[in-house]
Structure formats: C-alpha cells, structure tokens
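The residues making up each chain are set out below.
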Amino acid sequence: MSEPMTKEEISNQLKSSVYLMVAKMVEDRIKDLQTSDQYKENPLIATPTFIATLVELVFNQITSLGEDLELFAHHASRSTIKPSDLYMVTRKNEVLTNYLKELEEKLNGNL
C-alpha cells in the first residue's frame, strides 16, 4: 500500500493541474484573438514567464478562496462547505454573487 501524499506533494500536484488548465485557456484565447484582423500583423504570443506568473496568481487566489471557505464553514460550526459560504466570500461582488446563486438554482433544477 502506498504512503499518503504530503501537503507539499498535494500542493505541487494541484499547481501542475492549474498550470495545464491555465496554459490551455491562454492558448485557446490566443487562437480566438488571432482570427481578428487587429492581430494579423503583430501576432500575440504568451511567453512561458507570462503563463507561469498567471499560474501563480490563479493558484494563490484558489488557495486563498479555499482557506476563506474553510474559515466560514468552521465559523458556522460545520465541517462541510456550503454555497452560503461562497456567497459570504463573494458578498462584495454583487454581480458574481447573483450569478453563482442563479447557477446554484439551475443546478438544483429550480430554473
């Protein structure tokens, strides 16, 4: 039986997954933009440094979000994160909060 992964190993694995997704999203977006006339003469490129920096930013935001969600659930004496915890995190962004609530309703079949 294999030993459980350490927190550092889990973090590295998650960061690798984020890297793959961010790199794909950037690549797809650049392909979309390349079709516009605006970028015909000066094509866009995403340097490895840009992608690595973006990955760090996204990973740090995801980590911070996860910590905030855990804190809100813990404050409510729960070990399970609920949508209400996410709404607390996004409470200062009304548009995002409303979008997430609509998405929750849609997923629950209420729309």
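A brief structural summary. Computed from a prediction, not measured in an experiment: that's the story for all the values here.

Reading the values: rules and limits
- Residues numbered from 1 in each chain as written.
- Predicted model: local features only at pLDDT ≥ 70, side-chain atom pairs only at ≥ 80, totals over all residues.
- Heavy atoms only, no water.
- Helix = DSSP H or I, 4+ residues; strand = E, 2+ residues; numbered from the N terminus.
- Buried < 20%, exposed > 50% of the residue type's maximum accessible area, 1.4 Å probe, protein only.
- Core = buried A, V, L, I, M, F, W, Y, C linked by side-chain atoms within 4.5 Å.
- Contact = heavy atoms within 4.5 Å.
- Salt bridge = Lys/Arg side-chain N within 4 Å of Asp/Glu carboxyl O.

Description of the environment of phenylalanine 50
At step 1: Tracing the backbone through its elements, the reader meets phenylalanine 50 in helix α2 (residues 48–75).
At step 2: Relative accessible area serves as the criterion here: at 45%, phenylalanine 50 is assigned to the partly exposed category.
At step 3: For phenylalanine 50 and alanine 23, which are 27 residues apart along the polypeptide, the C-alpha to C-alpha distance reads 9.9 Å.

Let's talk about the nonpolar core
At step 1: Counting 8 residues, the largest nonpolar core is built from Val18, Val22, Ala23, Val26, Ile30, Ile51, Val55 and Phe59.
At step 2: Of all elements in the fold, only α1 (7–34) and α2 reach the threshold of two or more residues within this core.
At step 3: When residues in this core are grouped by element, the largest group, 5 residues, is from α1.
At step 4: In contact with valine 22, other than residues within four places in its own chain, are Leu54, Val55 and Val58.

Topic: the pattern of salt bridges
At step 1: As enumerated under the stated definition, the model contains 4 salt bridges in all.
At step 2: We note a salt bridge from lysine 15 to glutamate 56, for which the minimum N-O separation is 2.8 Å. Placement of lysine 15 in helix α1 and of glutamate 56 in helix α2 is noted, with a sequence separation of 41 residues between them.
At step 3: Here arginine 78 ties to aspartate 85 by a salt bridge, and the two come within 2.9 Å at their closest N and O atoms.
At step 4: The class of arginine 78 is partly exposed, set by a relative accessible area of 23%.

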